[in-house]
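# Summary of structural features
Letter by letter, the chains look like this.
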Amino acid sequence: MAHILCMTSGLTGILYASIEMCRRLEEAGHQITYASPSDVKQRVTASQLDYVQLTALQEIHASVVPNLEGRSKWAKLWYRIKNRKKLRQLAIEQLQMDNFGAILDQLAPDLVVIDLELHPHIMAVFAKGIPLVLLSQWFTIWNNKGTPPLSRSTIPNIGWKGSNLGLKWAWRKIKVERYLKFSKIRLFSIGLDRRSVLRQYARQVGFPLKYIRENYWPGPFTYSTLPVISITIEQMEFPHKKRPNLHYVGAMINHLRNNENLASNESQLEYIFRLRKEKNKKLIYCSVSSMKAGDQLFLEKLLKSVKKNTDWLLIISLGGKLKQNDFSKVPRNVYLFSWVSQVQVLSEADCSINHGGIHTINECVYFKVPMLVYSGKKADQNGCAARIHYHQLGIMADKDQDRPEEITKKIEEVLRNPVYKANLEKMNKVYHSYIEERQLEHLVSYYLDLEKLDGGMLKK
């Protein structure tokens, strides 16, 4: 079998999903090595995977400009303009891709499955002539006919925004916004911005710039033709014309993971679960791990919305940004935790109130928990919320607009309407079909065989 190198940014969501992906590939007989610029060694090796630590990624222009203290702002500006080529080259050297190249030589993988946000590493792998497939944790991020930008909460065929003209306008608008944003950054950094440095590095190693023409989300660019594995469920997408070489292999959920030291709250959780069963109450789980400080207002409204519903039990996982004593009036049927094991609580929950994170949504599908999605309005959260609403796996709502009584009504709707549970039963079967049909394993084998037959199709 093959030696596969898996590389991610190490952020929590994609980390655990990719570990599950690696576990499946290892069970299929492949040799797996995991690498990341973040220090995630302990969590990766706990899953019995070989691990290589990469150099941490830094702000590209943070340390390449010398200390010009005492000079006027105009003198500093002139220095940057006069030395911009030299400084950009220093920024490229700061990426330390030569060290990464040595690691690639030592590992000699047959295939690299790489997080599509690891831009310099993607270019370095390509330059080495090693076959690569990009890894995406999101629904489609490309401009495809029939789907809105993932950062929007638009639902196709609903209102003007969902019309064909409205969708085209949304893509054009976001393209202009991104162009202006990056043009401003490039201007004020005198060409030392991340996008400019990476494009220069691409030229140096022979990575075709035509592959990085797209610039919608995430930044600083996406790739137009390289093959992509999406660890999402295609049946949860909006109907649309799919980007070439985009392959859905289903959600990657390790439902047995124990990634935090949570023994201290185990007894309290068991008490809540027992109370739910003995008193026939409904358990609502609210996860706000990526919330902003200002979203405390939403949680205050949520507390009021459940106060009078004594048949409800509410568990809130604060995620470390807020403390229990930040809330002066906590109803008796509400339980606040800094952290909980999400998979443990979802296995008992009747409703999930979440911010629209794709990995939480995937776990709700796994445990068949209807959702009330109050999008955090960051990254892909709006688009995820819209898809939940479209497929009737739950309800999309607005955390800034809804009053406590409106939150109450929407929780009641999610708990009482059988359509959400029925659709989750169906989607759960779809999730399991990806595993039963071994779509991930077959796709990886396909690209390994294709590389042998076509002599470098994945490289150039």
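Before reading on, note that the structure itself is shown above.
Everything numeric here is computed off the predicted structure, so don't read it as measured data.

What counts and what doesn't
- Residues numbered from 1 in each chain as written.
- Predicted model: local features only at pLDDT ≥ 70, side-chain atom pairs only at ≥ 80, totals over all residues.
- Heavy atoms only, no water.
- Core = buried A, V, L, I, M, F, W, Y, C linked by side-chain atoms within 4.5 Å.
- Buried < 20%, exposed > 50% of the residue type's maximum accessible area, 1.4 Å probe, protein only.
- Helix = DSSP H or I, 4+ residues; strand = E, 2+ residues; numbered from the N terminus.
- Contact = heavy atoms within 4.5 Å.
- Salt bridge = Lys/Arg side-chain N within 4 Å of Asp/Glu carboxyl O.
- Polar contact = N/O pair within 3.5 Å; in protein donor to acceptor, adjacent residues only side chain to side chain.
- Axes fitted to C-alpha atoms, helices over the stretch in contact; angles between N-to-C directions.
- Parallel < 35°, antiparallel > 145°, perpendicular 65-115°, else oblique.
- Nonpolar A, V, L, I, M, F, W, Y, C, P; charged D, E, K, R; others polar.

In this structure, Met-7, Leu-134, Phe-207, Tyr-223, Ile-233, Met-236 and Ile-315 are the most contacted members of the largest nonpolar core, which totals 81 residues. The biggest single contributor to this core is helix H12 (residues 358-367), with six residues. Here Met-7 is in contact with Ala-35, Leu-54, Phe-100, Val-112, Val-113, Ile-114, Asp-115, Leu-118 and His-121, once residues within four sequence places are set aside. Formed by 30 residues, the second largest nonpolar core is a distinct cluster that contains Ile-4, Val-133, Leu-440 and Leu-448.

Our next topic: unusual backbone geometry. Not every positive phi belongs to a glycine, and Asn-157 is a case in point at roughly 70°. Relative to the helices and strands, Asn-157 is located in the loop between strand S5 (132-136) and helix H7 (164-188). Positive phi, normally seen in glycine, also occurs at Asn-280, with a value near 55°. By the element assignment, Asn-280 lies in the loop between helix H9 (266-278) and strand S8 (282-287).

Moving on: the pattern of salt bridges. All told, the structure shown has 18 salt bridges when counted by the stated rule. Glu-237 is paired through a salt bridge with Arg-387; the nearest N and O atoms lie 3.0 Å apart. Of this pair, Glu-237 sits in the loop between strand S6 (228-230) and strand S7 (246-248) while Arg-387 sits in helix H13 (residues 381-390), and the two are 150 residues apart along the sequence. Of the residues examined, Arg-387 reaches a relative accessible area of 2% and is grouped as buried. Of the charged contacts in the structure, one is a salt bridge between Asp-400 and Lys-399, with a shortest N-O distance of 3.3 Å. Residue classification places Asp-400 among the partly exposed positions, given a relative accessible area of 46%. For Lys-399, a relative accessible area of 6% gives the class buried. When salt bridges with common partners are traced through the structure, they connect Glu-20, Arg-23, Arg-24 and Glu-27 into a single cluster.

What follows concerns H12. H12 sits mainly inside the fold: ten of its ten residues count as buried. Just beyond H12, the residue with positive phi is Lys-368, at close to 60°.

Let's shift gears to the side chain of Glu-237. Of the residues examined, Glu-237 reaches a relative accessible area of 4% and is grouped as buried. A polar atom in the side chain of Glu-237 sits 3.0 Å from the side chain of Arg-387.

Contact geometry for H12 and helix H15 (residues 418-436): axes closest at 8 Å, N-to-C directions at 100°. For the element pair H12 / H15, the angle class is roughly perpendicular. Counting all contacts with H12, which are made through Cys-364, Val-365 and Tyr-366, the residues of H15 involved are Leu-424, Met-427, Asn-428, Tyr-431 and His-432. Taken together, the residues of the contact of H12 with H15 sort by class into six nonpolar, two polar and no charged.

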